[in-house]
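A look at the structure
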Number of protein chains: 2
Amino acid sequence: MREICGDDGVLTDPSQRRVYESDGLTYHRSTPGVVVMPTTTEQVAAVIRLCAEHRVPFVPRGAGTGLSAGALPHAEGVLLVTSRMRRVVEIDVENECAVVEPGVANLDVTRAASPHGYYYAPDPSSQQVCSVGGNVAENSGGAHCLKYGFTVNHVRGLQIVTPAGEIVELGGKAPGAHGYDLIGAFVGSEGTLGVATRVTVSLTRSPEKTVTLLSAFTSLDAGGEAVSAIISAGVLPSAIEMMDALAIEAAERAVACDYPEGAAAVLVVELDGPAEEVDAQLERVTALCADAGSFETRAASGAEERALIWKGRKSAFAAVGRISPAYIVQDGVVPRTSLGEVLGRIAALSAESGIRVANVFHAGDGNLHPLVLFDDSEPGAGERAERVSGAILDLCIEHGGSITGEHGVGVDKACKMPRMFDDAALETFDLFRRAFDPDGIANPEKLLPTPRLCGERPGVRTGVHPLVESGEAEQF
Amino acid sequence: MREICGDDGVLTDPSQRRVYESDGLTYHRSTPGVVVMPTTTEQVAAVIRLCAEHRVPFVPRGAGTGLSAGALPHAEGVLLVTSRMRRVVEIDVENECAVVEPGVANLDVTRAASPHGYYYAPDPSSQQVCSVGGNVAENSGGAHCLKYGFTVNHVRGLQIVTPAGEIVELGGKAPGAHGYDLIGAFVGSEGTLGVATRVTVSLTRSPEKTVTLLSAFTSLDAGGEAVSAIISAGVLPSAIEMMDALAIEAAERAVACDYPEGAAAVLVVELDGPAEEVDAQLERVTALCADAGSFETRAASGAEERALIWKGRKSAFAAVGRISPAYIVQDGVVPRTSLGEVLGRIAALSAESGIRVANVFHAGDGNLHPLVLFDDSEPGAGERAERVSGAILDLCIEHGGSITGEHGVGVDKACKMPRMFDDAALETFDLFRRAFDPDGIANPEKLLPTPRLCGERPGVRTGVHPLVESGEAEQF
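Residues numbered from 1 in each chain as written. Chains lettered and ligands numbered in written order. Predicted model: local features only at pLDDT ≥ 70, side-chain atom pairs only at ≥ 80, totals over all residues. Heavy atoms only, no water.

A word on the packing of helix α12 (residues 339–353) of chain B against helix α13 (residues 381–398) of chain B
Residues and elements named next belong to chain B.
- Where α12 meets α13, the closest approach of the two axes is 11 Å, and the angle between their N-to-C directions is 155 degrees. Judged by the angle between their axes, α12 and α13 are roughly antiparallel. Seen along the crossing, α12 lies across α13 with a hand that is right-handed. Across the interface between the two elements, V342, R345, I346, L349 and S353 of α12 pack against V388, A391, I392, L395 and E398 of α13.
- Among the residues making up the contact of α12 with α13, the classes are represented as seven nonpolar, one polar and two charged. (Axes fitted to C-alpha atoms, helices over the stretch in contact; angles between N-to-C directions. Helix = DSSP H or I, 4+ residues; strand = E, 2+ residues; numbered from the N terminus. Parallel < 35°, antiparallel > 145°, perpendicular 65-115°, else oblique. Left-handed = near helix turned anticlockwise from the far one by under 90°. Contact = heavy atoms within 4.5 Å. Nonpolar A, V, L, I, M, F, W, Y, C, P; charged D, E, K, R; others polar.)

A closer look at the environment of A:V99
All names here are of chain A.
- Tracing the backbone shows V99 in strand β6 (residues 97–100).
- For V99, a relative accessible area of 8% gives the class buried.
- Placed 210 residues apart in sequence, V99 and I309 show a C-alpha to C-alpha distance of 33 Å.
- Beyond its immediate stretch of four places on either side in the chain, V99 contacts V88, V89, E90, K173, R198, V199 and T200. (Buried < 20%, exposed > 50% of the residue type's maximum accessible area, 1.4 Å probe, protein only.)

Details of the environment of A:V195
All names here are of chain A.
- Tracing the backbone through its elements, the reader meets V195 in strand β10 (residues 195–202).
- Here V195 falls in the buried class, since its relative accessible area comes to 4%.
- Expressed as a C-alpha distance, the spacing of V195 and I309, which sit 114 residues apart in the sequence, is 37 Å.
- Excluding its chain neighbours within four sequence positions, the residues that come into contact with V195 are V44, I48, F58, P60, L80, T82, Q159, I160, V161 and F186.

Looking at a negative patch on the surface
- A cluster of acidic residues, A:E169, B:D422, B:D423 and B:E427, forms a negative patch on the protein surface.
- In this structure, B:D422 sits in the loop between α14 (417–420) and α15 (423–436). (Patch = residues over 30% accessible without salt bridge, like charges linked within 9 Å, V, L, I, M, F, W, Y side chains within 5 Å. Areas by Shrake-Rupley, 256 points an atom, 1.4 Å probe, with all protein chains shown as cover. Salt bridge = Lys/Arg side-chain N within 4 Å of Asp/Glu carboxyl O. Lys, Arg positive; Asp, Glu negative; His and termini not counted. Charge placed at Lys NZ, Arg CZ, Asp CG, Glu CD.)

Regarding the domain arrangement of chain A
Residues and elements named next belong to chain A.
- For chain A, the assigned domains are domain 1 (1–206) and domain 2 (207–322).
- Between the C-alpha centres of domain 1 and domain 2 there is a distance of 33 Å.
- Opposite the 11 residues of domain 1 that make contact, domain 2 presents 12 residues.
- Of all residues in domain 1, H144, L146 and K147 give up the largest surface area on contact with domain 2, accounting jointly for 54% of the area buried on that side.
- Close ionic contact of K147 with D272 constitutes a salt bridge, the shortest N to O distance being 2.7 Å.
- In this structure, the connection of domain 1 to domain 2 is made through three residue pairs in polar contact (both at pLDDT 80 or more).
- Of the residues assigned to the side of domain 1 that touches domain 2, the class counts are five nonpolar, four polar and two charged. (Domains from an automatic or database assignment. Buried area = accessible area lost by both parts, 1.4 Å probe. Polar contact = N/O pair within 3.5 Å; in protein donor to acceptor, adjacent residues only side chain to side chain.)

Focus: the sheet that holds strand β3 (residues 58–61) of chain B
Residues and elements named next belong to chain B.
- On the basis of which strands lie adjacent, the open sheet formed by four strands has the order β1-β2-β4-β3 and mixed pairing. In the strand order of this sheet, the two ends are held by β1 (10–11) and β3, each with one partner.
- The pairing of strand β2 (residues 34–36) with strand β4 (residues 78–81) spans three bridges and is classified as parallel. By the bridge assignment, V34 is partnered in β4 with V78.
- Of the strands in this sheet, β2, β3 and β4 are in contact with helix α3 (residues 41–54), which crosses β4 at around 170 degrees. (Pairing = 2+ DSSP bridges.)

Listed below in structure tokens is the structure:
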């Protein structure tokens, strides 16, 4: 490894390796056998060929902000860190795309594109630090997925190194349908099919105008109705975020975001596009919120007010640490039309169990992020919270939704895959994975359930406790 | 087979089987061993299990309008026709999606959705007859891909039967990132991974206003400049189509579409969206066309004029039959910024060889459809035309484009795949294919090059002549 990456590209000292023991989901920990930090595609390929030759597992890692333990190191394996591959290779304005190395921070793509009037649309809340390669691995989303889609909708080309150490080019700058669209399958494959070493992403025109709206309701139901009404009216905001009373309380205490008092729910609605269209939509959305029972709707009058509205929303997760010693962050999806019912059933679950649940989520997408609060000093409280958290996922599945909206499967939800997919589908996934990685060295035990992780009964998680320490989850 | 599909679901009579000997690319022909027409997913699965058990190849077929011989039957195999599976299972307005069987005609999805104010966006020119299942197999495009994307961008869920005869569900109504996104890989896989038996597609809101614009130029270059200027200005038309003088002449003779006289090129630009936005864009596009040197730009004043503009464009392929006894239709992609240069080099190729080339294409996407004209009664003319046609594809590849924009690879371009993909990529494709289909029974010899088809030298086609008879290509 030292021959390939140089001495400064290989970390073997235990204290150095321990820095990498988890990603953003800190209750899964494992110190990597060795950390390597290649700087070129050729080095990545050589590292992986060496792994393949000796059947040593490797785990790719970007910035380590993932929330499903997708970058959990293997104790006997290589942690392949892309942080030294952070060149923006090209901004191609005419073809509206950028070519970047995998370690480039998400926001740095936008920084490089903005002088030309463009930006990179997928915006996970961790975008200041999270890497494009990590976004590709997890198919990351963000508040603006509603209008602009996930990472997969913005990747045009990939250079990847397969688990055999081969360099393969998929797609390119021009759109085109030919061969198998392995870009779609690679995006979101969580490192199990290899490592992306170069990514060609679409750039999006910066909108002429952006307006952020805050609307307050006396019930969650009324807020949900407003969401349905907006979408049904054919308005497509770039974001529709929702917070309930508990989340509002936490955000207010943490960052004094000045949300309307007495709200049982607020919506943060963002509109962007040509100025005339945005103005027309603003009027429309304001009226629809009023019809649904909003007692106050205000549009941010300037950049500062807009930033404050978003600060409340974006700080909500960390802020919950102020009102609860510990909490579990869940990530699930329901069809938008089931939002009202599922939120009602979450409230009922909370009432029955006596466990508080705060809701902060991408309402337009039906992507829930319930925060299940508990006191970790109280015996058994974590287990009870975990049961509620699991029951919420079951609700998502029951309503035709999914066990993860944007955080991925990783280690954390691998054992829950059988609740979503039947044996035939899981076998198909496994066939697919093994086609790329017959020896199982590429990020093993992630994404798909394994007997070792999940025990005999499929779908039942054993061993680990999903207790996120408070303050851990600023990335959401 | 009769036990599974009933007597009326199995065709063995040679004259009946011969009806299916080709798809829309009629110079590849092969009479299927047997034709089966299942009516349910379970029947499809049983048919494929029977094929798997006896290692008999099967070829899925939708409406047979494909243009790459992707549905070319296997003489010793089963042709699995989905035309009896044509139920629109559900229009789910609230979740903005439709669930359909694979044999449903593309336009029938729009017909079912339109009473609710929605339509199905992907619009191949064959949309009156082509099937959704076939669209999934070929990842079909159309004139409006520029704004709305290809089939893959509209498929949310698939029920498929794998080459082992297993029924697998991929995705669903809710968006969500979990597991491998095999939907992306399945869409465009041309039947080599199995058969889609149920498709969940996104529905798109019908726009408030649509305007179609016709702009005429005295040179191809000027038209190309207008395309670049429109895109650079941040206007995103739903379609930008371009035709050159030869194509205009043919269309004019065929359908009297009343395009401006003396045009070396026309652009058909369609704008849709909220009325105010469309009006603003119309003004902008008209000005940009004038700046680029258009000598006449007119907006269709009503539905009738709009239909006539499109009639000219859509009839152009068939119409070319009026000015040439035979022609080859090519399908390639170049980055939009290379359009001008590639068109210039096509003109030079035409001048050098003395072979006329008409251009009708999706300019906004850089998706070329050159028509290479020749007289099939003249010895050697077909071969010379084929060389020009092949050279045009080489130009596309040289400029970072692709060998097919929307017609797929099928049999027709399988041998050209090595010109686009290196060995590592082709091996990866092959690994992927064999993961699903280890015995090679699912639409064999399509999509990927095989020694039998392509001979010793990779990338060199042998044996067949791509001579489309005139009048064959109304589907474009």
